[in-house]
Each structure stands twice: as structure tokens, then as C-alpha cells.
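Coordinate inspection notes
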Amino acid sequence: DVVVPPAAPAEAVAEAVVAPAEDSAKPKKVAKPTKVKAAKAEPVIKVEKVEKVEKVEKVEKAKKSRLVRDSYAMPEAEYANIGVLKKRLGQLGVDVKKSELLRCGIAVLAALTDDELTTVMALVERVKTGRPAKK
């Protein structure tokens, strides 16, 4: 009897040996290699050629604007409004820094028309420039 796995390769089939009978004095028989049919190859699917895609030009990254540090003076009442606005925005769920709040105000002013801008600027008190005198 030859023991061969069902999908054994041809080399393994050639090496299979018949087990000897207990009483027989006959020489051992070697099983003849059997031909194993190769599995049918799947049909080749033809792939259509894809047209070359034009290279997209790399978009240059916008350079980060350089930060400028500056100092300024303002009346205490207006400075207190910064804290009031920060708390108000915090209650609305928006965490904001003082510099962001000031930049936002500048953006709003920049969006005004000339007449609106001059009207708003007339409401702002002029402050003496320079450092306050020591007492």
C-alpha cells in the first residue's frame, strides 16, 4: 500500500515505498512514480494601459509670518475690558489669549469702511506716549 497525500508534488510520489509483507521473501517493490496533473492556470486577465497622469505642481508652503514684539500703553478701564471679553468668550466655550483678542480687534477695524473707521477712532481717547513718570 502506498500512502500519498492527495495533492503531493511529483517528487514526494516518486519516493513513496510499498511496505514489505511480513512473510514474503520477495524483494521490496518500489512504487512507480505516478504522474500528477498540474492544476490549470487561471486565465490571464489583460490590463488596459492607464494614461499617464500629469504631475501636479507642488504648492509652495506659505511662509510663516514673522512675529513682532511690541509694547503699548492704554488706560486701565480699557485694559480691564480685555479680561471681561476673555471671560465672556470663555463662557461661550472659546479659549482666547490676550494677543489673539487684540489681533481680532485689529481685523474688525481693518474690515470697516473709511467713514466707520474714523467714527470709531473718534471714540478712543488719546494717550500720552512713552513711559509713565516714576513717583
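No experiment lies behind these values; they were computed from the predicted model shown. (Residues numbered from 1 in each chain as written. Predicted model: local features only at pLDDT ≥ 70, side-chain atom pairs only at ≥ 80, totals over all residues. Heavy atoms only, no water.)

1. Digging into the overall build of the protein
The condition is simple: Under the DSSP-based scheme used, a helix requires at least four consecutive residues in state H or I and a strand at least two consecutive residues in state E, with every element numbered from the N terminus. When a residue's accessible area, from a 1.4 Å probe over protein chains only, is under 20% of the maximum for its type it is buried; when over 50% it is exposed; and in between it is partly exposed. Only the protein chains shown count as covering a residue, and every accessible area follows the Shrake-Rupley method with a 1.4 Å probe.
Along its length, the protein carries 4 helices and 0 strands. Each helix and strand of the protein, placed in order from N terminus to C terminus, yields the pattern α-α-α-α. Within the protein, buried positions represent 5% of all 135 residues. If you sum the accessible surface of the protein, you get close to 14800 Å²; carbon and sulfur atoms cover 58% of it.

2. Some details on the packing of helix H2 (residues 76-91) against helix H3 (residues 98-111)
As a reminder, the rule being used: With axes taken as lines fitted to C-alpha atoms, and helix axes fitted only over the stretch in contact, angles between N-to-C directions fall between 0 and 180 degrees. Put simply, angles under 35 degrees are roughly parallel, angles over 145 are roughly antiparallel, angles from 65 to 115 are roughly perpendicular, and the rest are oblique. Pairs of residues are marked as contacts when any of their non-hydrogen atoms sit within 4.5 Å. Throughout this entry, Asp, Glu, Lys and Arg are counted as charged residues, while Ala, Val, Leu, Ile, Met, Phe, Trp, Tyr, Cys and Pro are counted as nonpolar. The remaining residues, Gly among them, count as polar.
Between H2 and H3, the least distance of the axes is 10 Å, while the angle of their chain directions is 100°. Between H2 and H3, the angle falls in the class roughly perpendicular. The residues of H3 that touch H2, namely those facing Tyr 79, Ile 82, Leu 85, Lys 86 and Leu 89, are Lys 98, Leu 101 and Leu 102. Residues belonging to the contact of H2 with H3 are distributed by class as follows: 6 nonpolar, no polar and 2 charged.

3. Observations concerning the environment of Leu 85
The residue Leu 85 is located in helix H2 in this model. For the pair formed by Leu 85 and Leu 101, sequence separation is 16 residues and the distance between their alpha carbons is 8.2 Å.

4. What to know about H2
What counts here: For a helix, the expected span equals 1.5 Å multiplied by the number of residues minus one.
Over its 16 residues, H2 runs 23 Å from end to end, which matches the ideal 22 Å to within 8%, given 1.5 Å per residue. Of the residues flanking the end of H2, it is Gly 93, one or two places downstream, whose phi is positive at about 90°.

5. Quick notes on the environment of Leu 101
Note on placement: Leu 101 falls in helix H3. Look at Leu 101 and you get buried, because its relative accessible area is 14%. Residues within four places of Leu 101 in sequence aside, it is in contact with Ile 82, Leu 85, Lys 86, Leu 89 and Val 96.

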